[in-house]
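Each chain is listed here by its residues.
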There are 4 protein chains.
Amino acid sequence: EAFPALDHGFVRVIDYMGDDAAVVQAARVSYGRGTRKVSEDAGLIRYLMRHWHSTPFEMCEIKFHVKLPIFIARQWIRHRTANVNEYSARYSILDKEFYIPASENLSAQSTLNRQGRGEVLEGAEAARVLDLLREDSERAYRGYAEMLNQDEDGAQADPSRSGLARELARMNLSLNYYTQWYWKVDLHNLMHFLRLRADSHAQYEIRVYADIMIDIMNRWVPSTAEAFREYRLGAASLSATGL
Amino acid sequence: EAFPALDHGFVRVIDYMGDDAAVVQAARVSYGRGTRKVSEDAGLIRYLMRHWHSTPFEMCEIKFHVKLPIFIARQWIRHRTANVNEYSARYSILDKEFYIPASENLSAQSTLNRQGRGEVLEGAEAARVLDLLREDSERAYRGYAEMLNQDEDGAQADPSRSGLARELARMNLSLNYYTQWYWKVDLHNLMHFLRLRADSHAQYEIRVYADIMIDIMNRWVPSTAEAFREYRLGAASLSATGL
Amino acid sequence: EAFPALDHGFVRVIDYMGDDAAVVQAARVSYGRGTRKVSEDAGLIRYLMRHWHSTPFEMCEIKFHVKLPIFIARQWIRHRTANVNEYSARYSILDKEFYIPASENLSAQSTLNRQGRGEVLEGAEAARVLDLLREDSERAYRGYAEMLNQDEDGAQADPSRSGLARELARMNLSLNYYTQWYWKVDLHNLMHFLRLRADSHAQYEIRVYADIMIDIMNRWVPSTAEAFREYRLGAASLSATGL
Amino acid sequence: EAFPALDHGFVRVIDYMGDDAAVVQAARVSYGRGTRKVSEDAGLIRYLMRHWHSTPFEMCEIKFHVKLPIFIARQWIRHRTANVNEYSARYSILDKEFYIPASENLSAQSTLNRQGRGEVLEGAEAARVLDLLREDSERAYRGYAEMLNQDEDGAQADPSRSGLARELARMNLSLNYYTQWYWKVDLHNLMHFLRLRADSHAQYEIRVYADIMIDIMNRWVPSTAEAFREYRLGAASLSATGL
Ligand SMILES: Cc1cc2nc3c(=O)[nH]c(=O)nc-3n(C[C@H](O)[C@H](O)[C@H](O)COP(=O)(O)OP(=O)(O)OC[C@H]3O[C@@H](n4cnc5c(N)ncnc54)[C@H](O)[C@@H]3O)c2cc1C
Ligand SMILES: Cc1cc2nc3c(=O)[nH]c(=O)nc-3n(C[C@H](O)[C@H](O)[C@H](O)COP(=O)(O)OP(=O)(O)OC[C@H]3O[C@@H](n4cnc5c(N)ncnc54)[C@H](O)[C@@H]3O)c2cc1C
Ligand SMILES: Cc1cc2nc3c(=O)[nH]c(=O)nc-3n(C[C@H](O)[C@H](O)[C@H](O)COP(=O)(O)OP(=O)(O)OC[C@H]3O[C@@H](n4cnc5c(N)ncnc54)[C@H](O)[C@@H]3O)c2cc1C
Ligand SMILES: Cc1cc2nc3c(=O)[nH]c(=O)nc-3n(C[C@H](O)[C@H](O)[C@H](O)COP(=O)(O)OP(=O)(O)OC[C@H]3O[C@@H](n4cnc5c(N)ncnc54)[C@H](O)[C@@H]3O)c2cc1C
């Protein structure tokens, strides 16, 4: 089952290992005999979350197949505590699939936050932006295919030409082209990713993926997901002076 | 099923995710359409191993429950690319279980290799060492229990005493006492561990564990295990000058 | 300059790279031209700390030489985001140096917190504990030296004996023996370490080291140290429900 | 001093910590008193390299400022054991700088190696590729600036338009646009990077950077660089069967 994301992307769970019970089981190794008194699993999970006892959450692992625009992949890959295998544009030809924002996500630069969005663009300006994005993306692919001397199905176009190496031709594609990868991560570092990327400071397009993954967490590890909302996503921090 | 190791230790597989097929599947994401020609999985796995394409091996994960002497745990934990939850001697009382080498493993210091063993000790010297190890270990535990003011079952010994904090009392125990942990690692880093710890330069006691884990690999991921023996364990390196 | 810690330990700064200015410099690479408006370095550092923009703090690095009891080294080494070279007890003979707590740190087990300390032990019980720790530690070393067939200076004791391998003999030593290592870490992960280990839930003996390192931070990176106290050490978290 | 790379890129050393002597110093902590006999530093370094004693090399750290095309940054960032701060295209406007290969690097797809290059393109095909790359890159920037409603100097173009958010507009740029970052890494992981990226299987454009960094290593840590060439770069591996 693939959860759709943006216009051509998706998130698909390939496999996972462990669940809420595995977190508890690992925590109980630490506490050994002493755990007889901790009666409730969800309570123990909340306790671990609240006190940043993060290693039991590392005992669960999940593997996703994700299709996403390259400019989002560039943000995502900055999370180093994960395992990745990406589609190789040196080895294979990229599909002609690029991201065009829906009009309600076509926002102006924020005037308050240098790293954020402001009002949604409207009317002629919005239309022009959409046209421009689409045209330039189309043209980028035409250039790519022409340099490769191949069409999308891999058939040679002009027998008198050699075709540029794939690893070079791909540099003509724009950052809204889609790539895909397998991305595997433990539950602790997944939550670290989600805390940063489901946050309002993150770019809308990566938040779409983060939100899907939070839904997946809700079903996969409901107690951990609840504690995560309580002590991370929905929590606030008071500084020393603020206290 | 727990595989026994040394006199009181063991290795037990708690869970795993993926196998040879998952390595291949991840490699094929990278190679995309291009993979139609790679006909044989074992061949692809050998290719990845030989060319240090290590990320597809990170797509498999395994979780062990291990019981091991503390001096071995100290070597093991140096491998940072793993997830660990250890029994807490701050929280719980350690069992009275310590490692005493079998006589055939009671070796003299090597005279050639400052970090290794030489001939097996014999006769009176061997007997004396075994007695000494056993006596000192027993005495360490007596001191531990006395300071705790508790017997091994947790019953208070002398009601007039408070008992020293567990986190302090444990420092009286010697390095041959057993601890235990959950240890989770991906297949690539497991092989890195095994290459270093199943090697003849590693201390015998950790090699015992490494050898068990190689047996487990043989059954879990037979093609990867074979490629590992071929290109890592059994391979040799020629230096530039040697070539 | 070595800062003494516990009865025989120390923390010594070997080298470092970067300081507050390097944090700011790295943050400004991210913000490029846009940074003209951020007028004040300390303000930018507080901003980064408050918003968990942790990567600029990774741009500073510090290397310590630390001497510490083994049971503390076992807690410390759990922090995997560091570089370590430890004295090898396979290669060399350990010194006869073990930790004995000062009497004001000789506490009973807490009755409220299974992982903590309660009242300080007094009178006969305290005296007995100190005697016991000292005696057992002394005896452990006697056994060690006898098995090695060497005195502390490495001279052979009995020419008729071979001496047990160092890697085996050391297992007779107790966990309060001192070891030493070089420990190198970036500033972000140092603060992560300090947040967990200067905390009241951490064992007193590791807090002693953490406190020294906070002092070092105060001098090395004063603005970062201040922001760290404000937004980490002295801060509190409000859960979603609490809000 | 910035070492130029490709048509607009560079590598600049910002700072470093430690050198050959620091590697030796760390190794000697491990070997303690035992080291009196190792007379020669370069010999010890070769020994460490040959036996994969990698942790002493982690004791040196180096920080680079690198300017590089995005498609190369995407390969580079896969090396997770480093610290990075990248120019933010959400925060700031990217310069109009893109990579166009020199004609001698404009190669056809290899027919033998799906992930490599073959013959250099010639004549009309080469000319057409260069034109196409240049035109499409120029056009991509025109679209970018138009959507931003800003020229390269940040001046507003059309006061009646709001301008698209920077984080969105940048997706129109192609993968040959330049980005820049601070990249900090320890010497062990730098060598791991260089082994993979100075290799003939790596794409030419990243090899250019790797080669510059090897030159830097030669001056920074000459003994380590020599051992690296001897036991890694120039070495070969014999499989178990091959032996
Ligand atoms: C010629 C070539 C072709 C390539 N082709 C592809 C391709 O088609 N598709 C593709 O996806 N990639 C490809 N790569 C990238 C490759 O898979 C690696 O991602 C990259 O080389 C970085 O190597 P590394 O993981 O060893 O380095 P680092 O990330 O620096 O890691 C070094 C070591 O640290 C450990 N480590 C670090 N982080 C982690 C972690 N989070 N979890 C576990 N262990 C960790 C591992 O032991 C690792 O070996 C290619 C690389 C090369 C050189
Ligand atoms: C008061 C206290 C009590 C404790 N009690 C116990 C106990 O009873 N049992 C026990 O086992 N431990 C116990 N610990 C240790 C604790 O579980 C951590 O191992 C330790 O605090 C190190 O924290 P860390 O993992 O965040 O640090 P680091 O290892 O430095 O990691 C920092 C961050 O880097 C990432 N990271 C680094 N390496 C990896 C990796 N290989 N894989 C995935 N992510 C990685 C993670 O995001 C991690 O949070 C205790 C710690 C404290 C402070
Ligand atoms: C025979 C033998 C003798 C030894 N003697 C000594 C000794 O005398 N003294 C001593 O201190 N140690 C000694 N060691 C331990 C050794 O130095 C390593 O700590 C241990 O083997 C773990 O190896 P690793 O670092 O490659 O593994 P991991 O920690 O699992 O790391 C795997 C790879 O991931 C990357 N990586 C992971 N974490 C980090 C990080 N935080 N920063 C940068 N890169 C990272 C590196 O590329 C690393 O190579 C010895 C080991 C062996 C096998
Ligand atoms: C809103 C927002 C804006 C951002 N803006 C920018 C920007 O302008 N420029 C920019 O460059 N980045 C930017 N980033 C990316 C950010 O700096 C981080 O790279 C990214 O969020 C990943 O976080 P991380 O390092 O904590 O995650 P991970 O890499 O998953 O690491 C988790 C933890 O593991 C430990 N760790 C893992 N690998 C290592 C390692 N090799 N060395 C040391 N410790 C390690 C650290 O403790 C780390 O905190 C932004 C991120 C967000 C969310």
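Presented here is an overview of the structure given in this document.

Rules used throughout
Residues numbered from 1 in each chain as written. Chains lettered and ligands numbered in written order. Predicted model: local features only at pLDDT ≥ 70, side-chain atom pairs only at ≥ 80, totals over all residues. Heavy atoms only, no water. Pairing = 2+ DSSP bridges. Helix = DSSP H or I, 4+ residues; strand = E, 2+ residues; numbered from the N terminus. Axes fitted to C-alpha atoms, helices over the stretch in contact; angles between N-to-C directions. Contact = heavy atoms within 4.5 Å. Near = heavy atom within 4 Å. Polar contact = N/O pair within 3.5 Å; in protein donor to acceptor, adjacent residues only side chain to side chain. Areas by Shrake-Rupley, 256 points an atom, 1.4 Å probe, with all protein chains shown as cover. Nonpolar A, V, L, I, M, F, W, Y, C, P; charged D, E, K, R; others polar. Salt bridge = Lys/Arg side-chain N within 4 Å of Asp/Glu carboxyl O. Buried < 20%, exposed > 50% of the residue type's maximum accessible area, 1.4 Å probe, protein only. Core = buried A, V, L, I, M, F, W, Y, C linked by side-chain atoms within 4.5 Å.

Focus: the sheet that holds strand β7 (residues 178-186) of chain A
Residue and element names in this part refer to chain A.
Stage number 1. The sheet built from five strands is open, its strands ordered β1-β2-β3-β7-β4 with antiparallel pairing. What marks the edges here is a single partner per strand, and that holds for β1 (2-5) and β4 (83-86). Strand-to-strand, the axes of this sheet are offset by a mean angle of 20°, without reference to chain direction.
Stage number 2. Along the sheet face, helix α6 (residues 187-197) touches β3 (61-69) and β7 and points at about 130° away from the line of β7.

Thoughts on the site of ligand 4
Stage number 1. Around ligand 4, the surrounding shell holds 23 residues, and the nearest of these are Arg80, Thr81 and His192 of chain A, Asn189 of chain C together with Glu86 of chain D.
Stage number 2. At ligand 4, the nearby residues belong to more than one chain, namely chains A, C and D.
Stage number 3. One of the side-chain N or O atoms of serine 30 of chain C is found 3.1 Å from a nitrogen atom in ligand 4.
Stage number 4. Here histidine 188 of chain C contributes a side-chain N or O atom positioned 2.9 Å from an oxygen atom of ligand 4.
Stage number 5. For ligand 4, whose accessible area on its own is 940 Å², the fraction buried by protein is 85%.
Stage number 6. Elements supplying a minimum of two residues to the shell around ligand 4: α6 of chain A, α6 (187-197) of chain C together with β4 (83-86) of chain D.
Stage number 7. Across the shell around ligand 4, the residue classes tally to two nonpolar, 14 polar and seven charged.

Some details on the interface of chain D and chain C
Stage number 1. Facing 40 residues of chain D, the contacting portion of chain C comprises 39 residues.
Stage number 2. Linking chain D with chain C are two salt bridges.
Stage number 3. Our enumeration of links across chain D and chain C arrives at 16 residue pairs in polar contact (both at pLDDT 80 or more).
Stage number 4. Of all the secondary structure elements, the ones that give two or more residues to the side of chain D that touches chain C are β2 (9-17), α1 (20-31), β3 (61-69), β4 and β7 (178-186) of chain D.
Stage number 5. The residue inventory of the side of chain D that touches chain C, partitioned by class, reads 17 nonpolar, twelve polar and eleven charged.

Some thoughts on the pairing of β1 of chain A
Residue and element names in this part refer to chain A.
Stage number 1. What you see with β1 is a clean split: Phe3 and Ala5 sit on the buried side and Ala2 and Pro4 on the side with no burial.
Stage number 2. Examined bridge by bridge, β1 and strand β2 (residues 9-17) share four bridges and lie antiparallel to one another. For alanine 2, the partnering residue across the bridge sits in β2 and is arginine 12.
Stage number 3. Turn length for the β1-β2 hairpin, with the two strands adjacent in sequence and antiparallel, is three residues, and the turn residue leucine 6 shows positive phi of about 55°.

Description of the nonpolar core
Stage number 1. With 161 residues, the main nonpolar core has Trp76, Trp183 and Leu190 of chain B together with Trp76, Trp183 and Leu190 of chain C as its most contacted residues.
Stage number 2. Counting 157 residues, the second-largest nonpolar core is a separate cluster that includes Leu68, Ala126 and Ala202 of chain A together with Tyr177 of chain D.

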